[in-house]
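As a plain string of letters, each chain reads:
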Amino acid sequence: MTVADAELLVEVTGPVATVVIRNPARRNAMTTAMWRRLPALLDGLEADPAVRALVLTGAGDTFCAGADLGDLDELLDAGDASIAVAAEERLAAFAKPTVAAVRGACVGGGCQLAVACDLRIATDDARFGVPPARLGLVYPAPTTRRLARLVGPAAAKHLLFTAELIDAERALRVGLVDEVLPGDRLATRVDELTAAVVARSQLSVAAAKEIVDGRADEDRIAWWHGQVRASGEAREGVAAFHERRPPRFGWTPPARH
């Protein structure tokens with residue numbers, strides 16, 4: 001395998017885009033080039049009105065074994081301003097729902113990316129770990145805070161202090177993942193989940209994501225309520241409920257919203 005084999009692949013099926021982390025020589029570790037490419041790739045998918053949800057996964061039986069340590073010096077010199085943190089922050093700010101579909105190892109930079117997604121679905125053989133304490137590194141502050149918000153301070157400290165791998169069942173108990181399934185069920189469940197999300201009012205979904213993530217101030221929340229009144233989404237949803245039919249939601253975000 002060569003560095004040319006390390007890449008981010010994009011597949012779009014209907015309204016769902018799938019980004020595949022592929023680096024077979026390094027168990028899908030993220031290289032410098034891959035970290036750099038991810039924000040621009042996400043910009044394009046976010047701007048595409050046909051894409052309503054994004055799935056992040058790894059090629060084969062591994063999600064992502066972390067950052068490629070061959071690129072360590074560049075990451076160390078940058079600290080919290082590293083390209084890895086920039087990629088993570090861009091993923092977290094992606095305006096549409098994101099799902100991490102996790103098989104096998106989800107460690108270090110892989111866990112960083114999974115935690116930046118809205119939802120995480122894992123196979124029962126998945127393993128999660130945050131290894132900086134094993135390597136003498138300081139996990140980036142934005143990444144550390146995001147992990148602690150997701151799993152709570154005690155579980156975050158356990159992962160950070162020990163650098164131990166935890167199995168999928170423990171990850172489910174502490175809230176690191178949302179569902180654990182047999183390996184042969186993962187693809188079907190992700191398809192079911194994304195199908196449900198893209199069928200809902202995208203106005204409701206986009207507003208909920210901004211509010212839950214703490215990115216909507218009072219003016220922004222008022223803007224969202226104005227969109228409900230102007231769009232007719234609620235009238236369509238109520239009419240569909242009474243008529244016992246699927247709703248035909250049509251809201252799309254303005255060019256600048």
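Residues numbered from 1 in each chain as written. Predicted model: local features only at pLDDT ≥ 70, side-chain atom pairs only at ≥ 80, totals over all residues. Heavy atoms only, no water.

Describing the overall build of the protein chain
Quick note on the threshold: By definition, any uninterrupted DSSP run of H or I lasting at least four residues is a helix, any uninterrupted run of E lasting at least two residues is a strand, and each is numbered from the N terminus. Radius of gyration means the value over C-alpha atoms here, while the globule rule gives 2.2 Å times the residue count to the 0.38 power. Burial classes: relative accessible area under 20% of the type maximum marks a residue as buried, over 50% as exposed, and values in between as partly exposed (1.4 Å probe, protein chains only). Two residues form a contact once any of their heavy atoms are found within 4.5 Å. Residue exposure ignores everything except the shown protein chains as possible cover, and the areas themselves are Shrake-Rupley values with a 1.4 Å probe.
Counting secondary structure elements, the protein chain contains 12 helices and nine strands. In summary, the protein chain has a C-alpha radius of gyration of 19 Å against a globular reference of 18 Å for 257 residues, a match within 12%. The principal-axis extent of the C-alpha atoms belonging to the protein chain is close to 60 × 40 × 40 Å. Here the protein chain holds 257 residues, and the buried ones make up 46% of them. Long-range pairs, those at least 24 residues apart, make up 69% of the contacts in the protein chain with a sequence separation of at least 6. When the accessible surface of the protein chain is totalled, it reaches about 12,800 Å², and 55% of it is carbon and sulfur.

Regarding the side chain of Glu-88
Where we set the bar: Polar contacts, as used here, are pairs of N or O atoms within 3.5 Å; protein pairs need one atom able to donate a hydrogen and one able to accept it. Residues neighboring in sequence count only if both atoms are side-chain atoms.
Structurally, Glu-88 can be placed in helix H3 (residues 83–92). In terms of polar contacts, Glu-88 uses its side chain to reach the side chain of Arg-146, at 2.6 Å. Setting aside its immediate chain neighbours within four residues, Glu-88 contacts Gln-112, Ala-116, Pro-142, Thr-143 and Arg-146.

Remarks on the packing of helix H6 (residues 141–151) against helix H7 (residues 153–162)
For the record, the criterion: Whenever a helix is involved, its axis is fitted only over the stretch in contact; in every case the axis is a line through C-alpha atoms, and angles between N-to-C directions fall within 0 to 180 degrees. Here the word oblique covers every angle except those under 35 degrees (roughly parallel), over 145 (roughly antiparallel) and from 65 to 115 (roughly perpendicular). Left-handed describes a crossing whose near helix is turned anticlockwise from the far helix through less than a right angle; right-handed describes the clockwise counterpart.
For the pair H6 and H7, the least separation of the axes is 7 Å and the interaxial angle reads 130 degrees. Relative to H7, the element H6 is oriented oblique. Where H6 crosses over H7, the handedness of that crossing is right-handed. From H6, Thr-144, Leu-147, Ala-148 and Val-151 reach across to H7, where they touch Pro-153, Ala-155, Ala-156, Leu-159 and Leu-160.

Observations regarding the sheet that holds strand E7 (residues 127–129)
Test applied: For two strands to be treated as a pair, DSSP must find at least two bridges joining them.
Spatial strand order, E5-E7-E8: three strands in an open sheet with mixed pairing. Each edge of the sheet is formed by a strand with only one pairing partner; in this case those strands are strand E5 (105–107) and strand E8 (166–167). Across two bridges, E7 lies against E8 in antiparallel orientation. For Arg-127, the partnering residue across the bridge sits in E8 and is Asp-167.

Focus on the environment of Arg-244
By secondary structure assignment, the location of Arg-244 is in the segment after helix H12 (233–243). Residues Arg-244 and Asp-213, spaced 31 residues apart in sequence, show a C-alpha to C-alpha distance of 33 Å.

Concerning the pattern of salt bridges
Basically, it comes down to this: We define a salt bridge as a contact between a side-chain nitrogen of Lys or Arg and a carboxyl oxygen of Asp or Glu at a distance within 4 Å.
Applying the stated criterion to the full structure yields 13 salt bridges. The salt bridge involving Glu-89 is made with Arg-146; its shortest N-O contact spans 2.9 Å. Of the two residues, Glu-89 sits in helix H3 while Arg-146 sits in helix H6, which places them 57 residues apart along the sequence. On the basis of relative accessibility, which here comes to 32%, the residue Glu-89 falls in the partly exposed class. Here Glu-243 ties to Arg-245 by a salt bridge, and the two come within 2.6 Å at their closest N and O atoms. Counted as one network, the salt bridges with shared partners bring together Glu-179, Arg-185, Arg-189 and Glu-192.

Re the sheet that holds strand E4 (residues 98–102)
Read across the open sheet, the six strands follow the order E1-E2-E3-E4-E6-E9; overall the sheet is mixed. Every other strand in the sheet has two partners, leaving strand E1 (7–13) and strand E9 (179–181) as the edge strands with one partner each. Within the sheet, the average angular offset between the axes of one strand and its neighbour, ignoring direction, is 20 degrees. Of the strand pairs in this sheet, E4 and strand E6 (residues 119–123) are connected by four bridges, and their pairing is parallel. If you follow Val-99 over to E6, its bridge partner there is Leu-119. Across the face of the sheet, helix H1 (residues 32–47) comes into contact with E1, strand E2 (16–22) and strand E3 (53–58) while running at roughly 20 degrees to E1.

With respect to H3
Along H3, seven of the 10 residues are buried, which leaves the element largely enclosed by surrounding structure. Those residues of H3 that sit buried are Ala-84, Val-85, Ala-87, Glu-88, Arg-90, Leu-91 and Ala-92.

A short note on unusual backbone geometry
The phi dihedral of Ala-163 falls on the positive side, at around 60 degrees, and the residue is not glycine. Looking at the element boundaries, Ala-163 is found in the loop between H7 and E8. A relative accessible area of 3% means that Ala-163 is categorised as buried. One non-glycine residue with positive phi stands out, namely Arg-244, at about 55 degrees. We classify Arg-244 as exposed; its relative accessible area is 80%.

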